[in-house]
Amino acid sequence: MLQLNVKNETSRLRAVVLGSALNNGSTPTAEEAYDPKSLEHILAGTYPVESDMVNEMEAFNKVFQKYDVKVFRPEMIENYNQIFTRDIGFVIDDTFVKANILPDRERELDAIQYVIDQINPAKVVRPPDDVHIEGGDVMLWNDYIFIGTYKGSDYKDYITARTNMQGVQYIKDLFPNKIVKEFDLVKSKLEARDNALHLDCCFQPVGKNKGIIYKSGFREEADYVYLVKLFGKENLFQITRDEMYHMNSNVFSIDENVVVSEKNFTRLNNWLRENGFTVEEIPYAEIAKQEGLLRCSTLPLIRD
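Residues numbered from 1 in each chain as written. Predicted model: local features only at pLDDT ≥ 70, side-chain atom pairs only at ≥ 80, totals over all residues. Heavy atoms only, no water.

Draft legend 1. Looking closely at the state of the cysteines. Going through the model one piece at a time under the given rule, you end up with zero disulfides. Unpaired in terms of disulfides, Cys201 finds its nearest cysteine sulfur in Cys296, a separation of 5.5 Å. (Disulfide = S-S within 2.5 Å.)

What follows is the structure, encoded as structure tokens:
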């Protein structure tokens, strides 16, 4: 049995589900795009090709091997995008939450069922149908659970709105001893530079007390101020609109002092090194064209 344990974003990683770009299928049509960034690249003819994405994910996998992390991969579904495992489920403490994702992505959960079968069934939960919640919106910080949501009355009109307030309430009920704080995120169906698809597109903790943040990703300034007060302004790396678009906040921590980052994130990577982090740089710019990056491609199961 897998003894799940995830209490934050940065403790030493022991086991993870890493997505797969194998047999990814053909370039989607504009009508099939889930997000404005994918749409932008579909229309421009620059949508990533499978071989490039496979190479990028293999570079990520090699970093996990280097740090002796147990890596699970999804069973392959032919002609299907299985890169972003963070969307389909997440672990809080010792509980695996199956996400209620977009209906046409349900098969992705089936592809990791062999992993879920290794977990105590009493520790696997599935929210009711009216509860929308995806792993990219759920961020653990010890006693805190941060959740990205969208509070606009036009929620149902936005394919980019992935976690609703029922999702926030569901987590509050499931973990009554945690401080659950939701953040109202900026959404756009058309402009990727103004779309925080998930919370990890505009914020993520690193190390013990630091974080990466994009102020304009929050619809309410009070939500941004909340994080500034909690972490301290001097501990937060403020990213620009363009850096948010390139997914600078979507790095991934293997340990409190080890961060996997995209090799082109020069300003961020320099800041991380200046603050004592080991930065494992890998190429991931092709996968980023689908509005997801390193955190999106992972589903941590066990951390120290």
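Draft legend 2. Representation of the sheet that holds strand β11 (residues 236-238) in the model. On the basis of which strands lie adjacent, the open sheet formed by three strands has the order β9-β10-β11 and mixed pairing. Looking at the sheet topology across the chains shown, the edges are occupied by β9 (203-206) and β11. Each strand of the sheet is rotated relative to its neighbour by a mean of 20°, with strand direction disregarded. Inspection of the sheet shows strand β10 (residues 210-213) paired to β11 by three bridges, in the parallel sense. From the neighbouring strand, Gly211 faces β11, where its bridge partner is Leu236. (Pairing = 2+ DSSP bridges. Helix = DSSP H or I, 4+ residues; strand = E, 2+ residues; numbered from the N terminus. Axes fitted to C-alpha atoms, helices over the stretch in contact; angles between N-to-C directions.)

Draft legend 3. Expanded view of the side chain of Glu9. Note on placement: Glu9 falls in the segment before β1 (13-18). The class for Glu9 is buried, based on a relative accessible area of 5%. A polar contact is formed between the side chain of Glu9 and the backbone nitrogen of Leu140, at a distance of 2.9 Å. In contact with Glu9, not counting residues within four places along its chain, are Arg86, Val138, Met139, Leu140, Gln204, Pro205, Ser253, Arg295 and Arg303. (Buried < 20%, exposed > 50% of the residue type's maximum accessible area, 1.4 Å probe, protein only. Polar contact = N/O pair within 3.5 Å; in protein donor to acceptor, adjacent residues only side chain to side chain. Contact = heavy atoms within 4.5 Å.)

Draft legend 4. Seen up close, the environment of Thr298. In this fold, Thr298 is placed in strand β15 (residues 298-303). In sequence terms Thr298 and Leu18 are 280 residues apart; their C-alpha atoms lie 4.8 Å from each other. Sequence-distant contacts of Thr298, defined by excluding residues within four places in its chain, comprise Val16, Val17, Leu18, Phe60, Phe64, Thr85, Arg86 and Phe252.

Draft legend 5. Focus on the pairing of strand β3 (residues 89-92). The alternating pattern of β3 places Gly89 and Val91 and Phe90 and Ile92 on opposite faces, both of which are buried. For β3 and strand β4 (residues 95-98), the ladder comprises four bridges, and the chain directions are antiparallel. In the sheet register, Gly89 faces β4, and the bridge partner there is Lys98. Connecting β3 to the antiparallel partner β4 that follows it, the hairpin turn spans two residues, and Asp93 within it adopts a positive phi of roughly 55°.

Draft legend 6. Summary view of the sheet that holds β15. One open sheet accounts for three strands, arranged β2-β1-β15; its pairing is mixed. At either margin of the open sheet sits one strand with a lone partner, and together these are β2 (70-72) and β15. When the angles between neighbouring strand axes are averaged without regard to direction, this sheet yields 20°. The sheet contact formed by β1 and β2 spans three bridges and is parallel.

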